[in-house]
Each structure stands twice: as structure tokens, then as C-alpha cells.
Amino acid sequence: SQTIHQWPATLVQPVGSPLSLECTVEGTSNPNLYWYRQAAGRGLQLLFYSVGIGQISSEVPQNLSASRPQDRQFILSSKKLLLSDSGFYLCAWSQSSYNSPLHFGNGTRLTVT
Amino acid sequence: RKEVEQDPGPFNVPEGATVAFNCTYSNSASQSFFWYRQDCRKEPKLLMSVYSSGNEDGRFTAQLNRASQYISLLIRDSKLSDSATYLCVPPPGRDDKIIFGKGTRLHILP
């Protein structure tokens, strides 16, 4: 069966520090991969998605970036965090075929201080 | 225009009651939808898939009305554990993006 791993679960980082969140998927190949962010009390905001290795689509201009160095690995990064980057970050995957639902990782709760 | 629209609620419903909420969508070509539930401070989890006219799973029934372009979720004999935010999600478009709305908050009252 397919599983998705996301870490760390919680993170407290000072403003201006770098960020690296990692997400891996097991049990499937060539998945679509997504990064979402959810601010407190708000809906999910799509940040990045990828349909293949090295293929990244960005939804929002900001100081975050994403990379997909391997088929089932998706990394979210920042060189310098802002206070506004605080939130709940969720990685998700889906089959690359139409009509496939998303499956989420457990999320990373990031607090920028 | 948003892809999906949901009443944000909250819906405050006594335990044991039946509750239903709708989700309207703008893309008439959409042929399937998904209902997710999200508990406070947790990730969304797939609740039901709706591929044709409807789907039923225990106390939950989802229906797709193509003519009126809405999807409904019916919860019978509601439990306290049904309290959550319910998200209606269309499948990805040609660009593979999957956009979530804010969902509908449901509170089951004891």
C-alpha cells in the first residue's frame, strides 16, 4: 500500500533562518506531488505542485521554493523565513491519472519567531 | 470565479440528527468529486469519492447533481466524532492543480 511521510512534525525557527521540509511517498511511482500551507483558521493554500522529477509549478510568489530531486521525494525550502511563513504545511500525493484523490502527510506545524 | 463554493457554517447540530450540506461547482465538465474531513490541527482525510450520481458509505451519502452543478453530503445519526470541517474538492484540471475551498464547519452538540 502507498504511504506518505512528512517531517518534522513541528518546527520552531527564528526569522531569517533557512527551512527545509521533506516529504517522501512509498508504494507508487510517478505520483503528482503537492505542497499546501494552512494558516490558523484558514483554508488550504496550494504552494507548489509537481507532475515529475524536476518539474515544479509555483502558485504563489514568495520566499519559498520546492524541488523534486527524486520521483517520490518533494522538498520545500526557504533561504530566509519570514514571520508570515508560520503555518501548517501539508505534503500530498495523488496518482497521475484523472479522478484520483489526494492523500496527505501528517503535516508540519511551523512557527517562525 | 471559485471552482467550488461551500457554506462555511458553522452548522451546529444535535447528536443523532441528520445534517446535509452542499457544494456548488463552476466547471460543468467535472465528473467526479471528493469529500474530505479535516479535524482541528490535523491533515485532511479522504471521506468519500463521488464518481457518478452518488455514493453511500454507512451513515454518509454523497450525491452529485450535474444539472444544478452541486454535490451534497448527508450525514445520518450524527455522532460527536463527526465534528470537523468538511471539504468538497474537484479533481485536478488539465494543469493538475487541486484547489481546496475553506470547507464547511460542523459541530455536533451533545
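Placed above this text is the structure.
Reference entry: report on the structure contained in this document. Here, residues in each chain are numbered from 1, in the same order as that chain's written sequence. Working convention: letters from A go to chains and numbers from 1 go to ligands, in the order in which they are written. Per-residue local features of the predicted model are confined to residues with pLDDT of at least 70, and side-chain atom pairs are confined, for both listing and counting, to 80 or more; whole-chain, interface and lining totals are unaffected and use all residues. Hydrogens are left out, water is left out, and the side-chain values use all remaining heavy atoms of the structure.

**Details of the sheet that holds strand 7 (residues 60-65) of chain B**
Residues and elements named next belong to chain B.
Okay, step 1: Paired strands are those between which DSSP finds at least two bridges. Strands here mean DSSP runs of E at least two residues long; helices mean DSSP runs of H or I at least four residues long; both are numbered from the N terminus. An order of 1-3-8-7-6 is seen for the 5 strands of this open sheet, with the pairing classed as antiparallel. Edge positions in the open sheet fall to strand 1 (4-6) and strand 6 (54-57), since each of these has one partner strand only. The average angle at which neighbouring strand axes cross in this sheet is 15 degrees, direction not considered.
Okay, step 2: As paired strands, strand 6 and strand 7 are joined by 4 bridges and run antiparallel to one another. Every angle, taken between N-to-C directions, lies between 0 and 180 degrees, and every axis is a line fitted to C-alpha atoms, over only the stretch in contact when it is a helix.

**Some details on the sheet that holds strand 8 (residues 73-78) of chain A**
All names here are of chain A.
Okay, step 1: Ordered in space as 1-3-8-7, the 4 strands form an open sheet in which the pairing is antiparallel. On the outer flanks of this sheet lie strand 1 (3-7) and strand 7 (64-70), each paired with one strand and no other. Neighbour to neighbour, the strand axes of the sheet diverge by 15 degrees on average, direction disregarded.
Okay, step 2: Here strand 7 runs beside strand 8; their pairing, made up of 5 bridges, is antiparallel.

**Topic: the interface of chain A and chain B**
Okay, step 1: Working rule for contacts: check all heavy atoms of both residues, and any pair within 4.5 Å makes them a contact. Each partner contributes residues to the interface: chain A has 23 residues there, and chain B has 22 residues.
Okay, step 2: Summing the contributions of chain A and of chain B, the shared interface buries around 1900 Å²; its carbon and sulfur component is 55%.
Okay, step 3: A pair is scored as a salt bridge if a Lys or Arg side-chain nitrogen falls within 4 Å of a carboxyl oxygen belonging to Asp or Glu. Viewed at the interface, chain B and chain A are joined by 0 salt bridges.
Okay, step 4: The term polar contact refers here to a pair of N or O atoms within 3.5 Å; inside protein, the definition further demands a hydrogen-donor-capable atom paired with an acceptor-capable atom, and it admits residues adjacent in sequence only when both atoms are side-chain atoms. In this assembly, chain A and chain B are joined by 4 residue pairs in polar contact (both at pLDDT 80 or more).
Okay, step 5: Of all the elements in the fold, those that place two or more residues in the side of chain A that touches chain B are strand 4 (32-38), strand 5 (44-52), strand 9 (87-94) and strand 10 (103-104) of chain A.
Okay, step 6: In this classification, the charged set is Asp, Glu, Lys and Arg, the nonpolar set is Ala, Val, Leu, Ile, Met, Phe, Trp, Tyr, Cys and Pro, and all remaining amino acids, among them Gly, are polar. For the side of chain A that touches chain B, a count of residues per class yields 12 nonpolar, 8 polar and 3 charged. Defined in terms of a 1.4 Å probe, buried area is the accessible area two parts forfeit on being brought together, summed over both.

**Looking at the nonpolar core**
Okay, step 1: By size, the foremost hydrophobic cluster in this structure holds 21 residues, and its most contacted members are Phe21, Trp35, Ile71, Leu73, Ile75, Tyr86 and Leu106 of chain B.
Okay, step 2: Elements represented by at least two residues in this core include exactly strand 3 (19-25), strand 4 (33-38), strand 5 (45-50), strand 7, strand 8 (70-75), strand 9 (84-89) and strand 10 (104-109) of chain B.
Okay, step 3: The leading source of residues in this core is strand 3 of chain B, at 4 residues.
Okay, step 4: Residues in contact with Leu106 of chain B, not counting those within four places in the same chain, are Phe11, Val13, Val19, Phe21, Ile75, Asp82, Ser83, Ala84 and Tyr86 of chain B.
Okay, step 5: Judged by nonpolar contacts, the second largest core, of 19 residues, contains Val25, Leu76, Leu81 and Tyr89 of chain A. By nonpolar core we mean a set of buried residues, namely Ala, Val, Leu, Ile, Met, Phe, Trp, Tyr and Cys, connected to one another through side-chain atoms within 4.5 Å. Partly exposed residues are those whose accessible area sits between 20% and 50% of the maximum for their type, while under 20% is buried and over 50% is exposed, using a 1.4 Å probe and protein chains only.

**Let's talk about the side chain of Arg37 of chain B**
Residues and elements named next belong to chain B.
Okay, step 1: Residue position: Arg37 is located in strand 4.
Okay, step 2: In terms of polar contacts, Arg37 uses its side chain to reach the side chain of Asp39, at 2.5 Å.
Okay, step 3: In this structure Arg37 touches Glu43, Pro44, Lys45, Leu47, Ser81, Asp82, Ser83, Ala84, Thr85 and Tyr86, once residues within four positions along its chain are discounted.

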